[in-house]
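A closer look at the structure
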Amino acid sequence: MKKLNLIFFSLLISMLLDSQSIFKVISVNGNIETTKSKVTLQRGVDVNSDERFSFGKPDARAVLINSKQGRVILTSQNGKNAFSKAAFAPAMSGVSYRGVTNNFSNLKDYFNGKILIIDNLDLKVDTSLYLMNEHSFFFIRYMFNGLEINKKLPFKNDTLMIEKSNLYSIDGKQIPNPDINELKLYFYVSGDTNSTATFISTFDPFFVDKAQIHEEVQIIIESMINKSYNEIFAEIFDYLTTIYCKIDKLYLESWLKTEFDLEK
C-alpha cells in the first residue's frame with residue numbers, strides 16, 4: 001500500500017509539473033509583480049504559467065516567451081488569464097523578404113512614419129538615382145526650439161548613414177533628450193547655376209540602445225534553439241514591430257548576422 005501511495009504521489013507531482021510551463025521575461029514596461037512568489041518582473045526572470053500578477057499601473061506590460069508555447073503579452077486586461085491560448089501571439093512561420101530596392105518610390109516608403117533604428121542605420125542607396133559626393137547628398141530638416149535645423153547626413157560610397165549623435169547635435173553640442181518626431185529627408189544637388197533640394201519624405205526615427213535590444217533578442221533566440229532560421233527571424237521581426245515599431249527586414253537581417261552570427 002505504501003508503495004502504491006508513493007507511485008500515486010509521484011504521478012500526481014509529475015502531472016502538476018507538466019500542467020505548468022516556465023516562461024522567460026523578454027521585456028517589461030512598468031511595474032508588474034507576481035502575487036504568488038512576490039517577484040518583480042524584469043528581463044530574464046522565469047515565471048510559472050500558474051502565476052497571477054499585480055500591476056503598478058494599468059498600462060504596465062510585459063512580454064514573455066516559452067520554447068514550446070510561444071510568446072505572450074501580459075497586460076492588466078489579461079493578467080488573470082495571461083497564459084490561455086487566446087493570449088498568445090500567432091505562430092510566425094515566415095516573413096517576406098521584401099526590403100528596399102533602392103528606387104525613388106521605395107526610398108519614400110522606407111523613410112515613412114516611425115521606424116526602428118538600433119543605434120545607427122547604414123543604408124545602401126542606388127547611386128544611379130542618388131550619387132553622393134561633396135556636391136550632392138542627403139540632408140534632414142527639423143524644428144528645434146523654433147529654429148530650423150538642417151543636418152547633412154554622412155555617407156561612404158553608396159552607403160547613407162544616420163547616426164543619432166550626429167543627427168541631434170547643434171554646433172557640436174548634443175541635444176539633451178530630443179523630443180523631435182517629424183524629420184524631413186531631402187536630397188540636395190549643387191549645380192553651376194542653381195541648386196535643388198528635393199523633398200523625399202517625412203519620418204520619425206525611433207532609436208533604441210543596442211545593448212537593450214541585444215538582450216531581448218538573445219532571449220528569443222535561446223528559446224527557439226531548435227527552430228529554423230525563418231522561424232527565428234519571423235519571431236524576432238514580429239516582436240520588434242509589435243513592441244517598438246516597424247523595422248526594415250534587410251536591415252534586421254544584417255544586424256542579426258553581425259550581432260549573433262545568425263544567417264540562413
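Scroll up a little and you will see the structure.
Residues numbered from 1 in each chain as written. Predicted model: local features only at pLDDT ≥ 70, side-chain atom pairs only at ≥ 80, totals over all residues. Heavy atoms only, no water.

Attention now moves to the nonpolar core. F111 and F138 are the most contacted members of the largest nonpolar core, which has 55 residues in total. The biggest single contributor to this core is helix α5 (residues 229-243), with eight residues. With residues up to four places along the chain from it excluded, the contact list for F111 reads L121, L123, L160, I162, L185, S201, T202 and F203. In this structure, V25, I32, A60 and F83 belong to the second largest nonpolar core, which totals 15 residues. (Core = buried A, V, L, I, M, F, W, Y, C linked by side-chain atoms within 4.5 Å. Buried < 20%, exposed > 50% of the residue type's maximum accessible area, 1.4 Å probe, protein only. Helix = DSSP H or I, 4+ residues; strand = E, 2+ residues; numbered from the N terminus. Contact = heavy atoms within 4.5 Å.)

Turning our eyes to something else, we now look at the sheet that holds strand β16 (residues 195-208). What the five strands build is an open sheet, ordered β7-β16-β15-β9-β10; its pairing is mixed. Two strands bound the open sheet, and with one partner strand each, they are β7 (113-118) and β10 (147-152). Taking each pair of neighbouring strands and ignoring which way they run, the sheet shows an average axis angle of 40 degrees. Note that strand β9 (residues 136-144) and β10 share six bridges and pair antiparallel. Bridging across to β10, I140 finds its partner in K151. (Pairing = 2+ DSSP bridges. Axes fitted to C-alpha atoms, helices over the stretch in contact; angles between N-to-C directions.)

Here we come to the pairing of strand β15 (residues 183-190). Within a regular beta strand, the side chains point alternately toward one face of the sheet and then the other, so they alternate between its two faces. Looking at chain direction, β9 and β15 are connected through six bridges and run antiparallel. Following the sheet pairing, R141 is matched in β15 by K184. Between β15 and β16, which pair antiparallel one after the other, the connecting turn spans four residues.

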